[in-house]
Amino acid sequence: MRKLSFPLLALSMLAVVGCSGSSSPVPVDTYVLYDDDVIKEGDLTEIACDFKVYPLKSDIPLDGVGGIKCWGNKAFARSNDNKRLLCFENYKLYAVLDKLGRGPGEYLYLSDYTYDEKENLLYIGNDSIICVYDAGTTDFIRKQYINYDTQNLLNVGDKMLYLGMDIDESRKRQDDINYNPIQSVILAERGDWELKGPVKVLTKYNYFHRLIFGYPEVFYVNPQNLSFCIPGPVNRIVTFDFDSDTVTDVFKFRIESNDNMIVTKYQDEESFEGVAYNDLMNDYVSMILGERFLDNVYNIIVDDGTISFRADYTTAEDSWSVDESDVDNGYLYWVHNKSGTKVYKSLRIPGLLKNINPTGCHDNRNVAVIENLGEDAIDELSEMSPLAKQIVAELKKQNDENPVVLEFRFK
């Protein structure tokens, strides 16, 4: 997800995990990360495999590609300004959904979206309204009301995955800032907009708890990769299926230097009963100004015995920065397999100057967009790897300096 500067960050992080669905019957040890364990730079050509380089083909300039979701040979990506949805087939742009606004057939904001493969529809979630468009023509079809205040949504076959809260909970929160509503990740039947059919709760948590620990980032869940993170004092990477209302722990971790006074103060809280919102906000601001803190955990892939994900590990300077290029990116890239756990500050390909930052998942593969910077993309101080040569060759073929996509799996 795109990093937000403070105060937008403070406004965007309002909740986290309190209680949750059942975990694996087999205990999973908690991995503790110490600052000295973080590896400054990971050579992607050594720690990953199955590289695929795809030019993003387009008859128009692509001025920025954000988070990518894939369904088979279709891929959809937000523009970097979060105004437009770019529609690709075999990584060739075939349409642009550009209807941000307040008029008929327009969406108020473009935060999350999903694709209905059965009916070839695009759903743009705007709280309790889902804007529905034809995925082929991007023509507006209807606005669908749903009995849920959605933050994230995902269509998988006959099921819909939602992150959000019940409408009544949302209304109580709007009426009383100190009301601490329950949010949840749920599975419902496709097309059950009133949620009157079977609804499975995968995890639930309260609004105040989320402010300190984060929220389950399910934007990057895809039909072949049913996994997400349940944050808390100990973060849990979990998988789920459609036949059970439980989740299974596959990896648990915490960051030792994140054990600051505020996290410790609330680590045993579940109900947050008696905690006033304004007091909690004061603690939150103290936390982000005083020390590093763990933000979202996302881009999670569970690929047989390999578990990988990205975590935002933010400093006070990162939060207040206006220009992201002036600060450390604040990312940690985790790879856990049978050989152990490795955490990298950055991912590089020898011969390329810029870091590789995955922004999506295609089945069990990471997806990274590599911008076309011409000669500025080449690191003249290092020997160019075969993968870098392949990427540079594809970049040179592109019209309008359009980017390429790199897909890969961690070993």
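Throughout what follows, the structure given in this document is the object of discussion. (Residues numbered from 1 in each chain as written. Predicted model: local features only at pLDDT ≥ 70, side-chain atom pairs only at ≥ 80, totals over all residues. Heavy atoms only, no water.)

### Some details on the overall build of the protein
Okay, so step 1: Helices and strands together make up the secondary structure of the protein, namely eight helices and 25 strands.
Okay, so step 2: Across the 411 residues of the protein, 55% fall into the buried class.
Okay, so step 3: Considering only residue pairs separated by 6 or more positions, the protein has 61% of its internal contacts joining residues 24 or more positions apart. (Helix = DSSP H or I, 4+ residues; strand = E, 2+ residues; numbered from the N terminus. Buried < 20%, exposed > 50% of the residue type's maximum accessible area, 1.4 Å probe, protein only. Contact = heavy atoms within 4.5 Å.)

### Quick word on the pattern of salt bridges
Pairing between side chains of opposite charge can happen when their charged atoms approach one another.
Okay, so step 1: For the structure shown, the criterion picks out 16 salt bridges.
Okay, so step 2: Arg-348 is paired through a salt bridge with Asp-379; the nearest N and O atoms lie 3.9 Å apart. Pair noted here: Arg-348 is in strand β22 (residues 347-348) and Asp-379 is in the loop between β24 (365-370) and α8 (386-397), with a separation of 31 residues, a long-range link. Of the two residues, Arg-348 and Asp-379, both sit in the buried class. (Salt bridge = Lys/Arg side-chain N within 4 Å of Asp/Glu carboxyl O.)

### Brief notes about helix α3 (residues 167-175)
Okay, so step 1: Those residues of α3 that sit buried are Ile-167, Glu-169, Ser-170 and Arg-173. Burial along α3 is one-sided: seen end-on, the buried residues are contained in an arc of 160°. Exposed residues on α3 whose side chains face more than 90 degrees from its buried face are Arg-171 and Asp-175. (Arc of directions from axis to C-beta.)

### Some words on the side chain of Asn-206
Okay, so step 1: Relative to the helices and strands, Asn-206 is located in strand β14 (residues 200-206).
Okay, so step 2: Its relative accessible area of 4% is what places Asn-206 among the buried residues.
Okay, so step 3: Among the polar contacts listed, one links the side chain of Asn-206 to the side chain of Asn-180, at a separation of 3.4 Å.
Okay, so step 4: Within polar-contact distance, the side chain of Asn-206 engages the backbone nitrogen of His-209 at 2.7 Å. (Polar contact = N/O pair within 3.5 Å; in protein donor to acceptor, adjacent residues only side chain to side chain.)

### Observations concerning the packing of aromatic side chains
Okay, so step 1: Enumeration according to the criterion identifies 27 aromatic pairs in this entry.
Okay, so step 2: Between the aromatic rings of Trp-71 and Tyr-115, the centroid separation amounts to 5.8 Å while the plane-to-plane angle is 70°, which identifies the pairing as edge-to-face. Taken together, the residues span a long stretch of sequence, with Trp-71 in strand β5 (residues 65-71) and Tyr-115 in strand β9 (residues 113-116) at a distance of 44 residues.
Okay, so step 3: Among the residues examined, Trp-71 registers a relative accessible area of 3% and is labelled buried. (Phe/Tyr/Trp six-rings, centres within 6.5 Å; stacked < 30°, edge-to-face > 60°.)

### Notes on the environment of Arg-236
Okay, so step 1: In this structure, Arg-236 sits in strand β16 (residues 235-240).
Okay, so step 2: In this structure, the C-alpha to C-alpha distance between Arg-236 and Val-297, residues 61 residues apart in sequence, is 9.9 Å.
Okay, so step 3: Only 2.9 Å separates the side chain of Arg-236 from the side chain of Asp-249, close enough to count as a polar contact.

### A few points about the environment of Glu-269
Okay, so step 1: Inspection of the secondary structure puts Glu-269 in the loop between α5 (261-266) and α6 (277-290).
Okay, so step 2: Considering only alpha carbons, one finds Glu-269 and His-209, 60 residues apart in sequence, at a separation of 7.6 Å.
Okay, so step 3: What Glu-269 contacts, discounting residues up to four positions off in sequence, is His-209 and Val-275.

### Details of the pairing of strand β21 (residues 340-344)
Okay, so step 1: One ladder, built from five bridges, connects strand β20 (residues 331-337) with β21; its direction is antiparallel. The residue bridging Val-335 from the neighbouring strand is Lys-342, located in β21. (Pairing = 2+ DSSP bridges.)

### What about the pairing of strand β25 (residues 404-410)?
Regular strands place their side chains on alternate faces of the sheet.
Okay, so step 1: The element β25 is largely enclosed, with a buried count of six among its seven residues.
Okay, so step 2: Pairing between strand β4 (residues 48-55) and β25: six bridges, direction antiparallel. If you follow Cys-49 over to β25, its bridge partner there is Arg-409.
Okay, so step 3: With five bridges joining them, β24 and β25 adopt antiparallel strand pairing. What sits directly across from Val-367, in β25, is Glu-407.

### A closer look at the sheet that holds strand β17 (residues 247-255)
Okay, so step 1: Strand order in the open sheet made by the four strands is β2-β17-β16-β15, with mixed pairing throughout. At either end of the open sheet lies a strand with only one pairing partner, and these are β2 (30-33) and β15 (227-230). When the angles between neighbouring strand axes are averaged without regard to direction, this sheet yields 25°. (Axes fitted to C-alpha atoms, helices over the stretch in contact; angles between N-to-C directions.)

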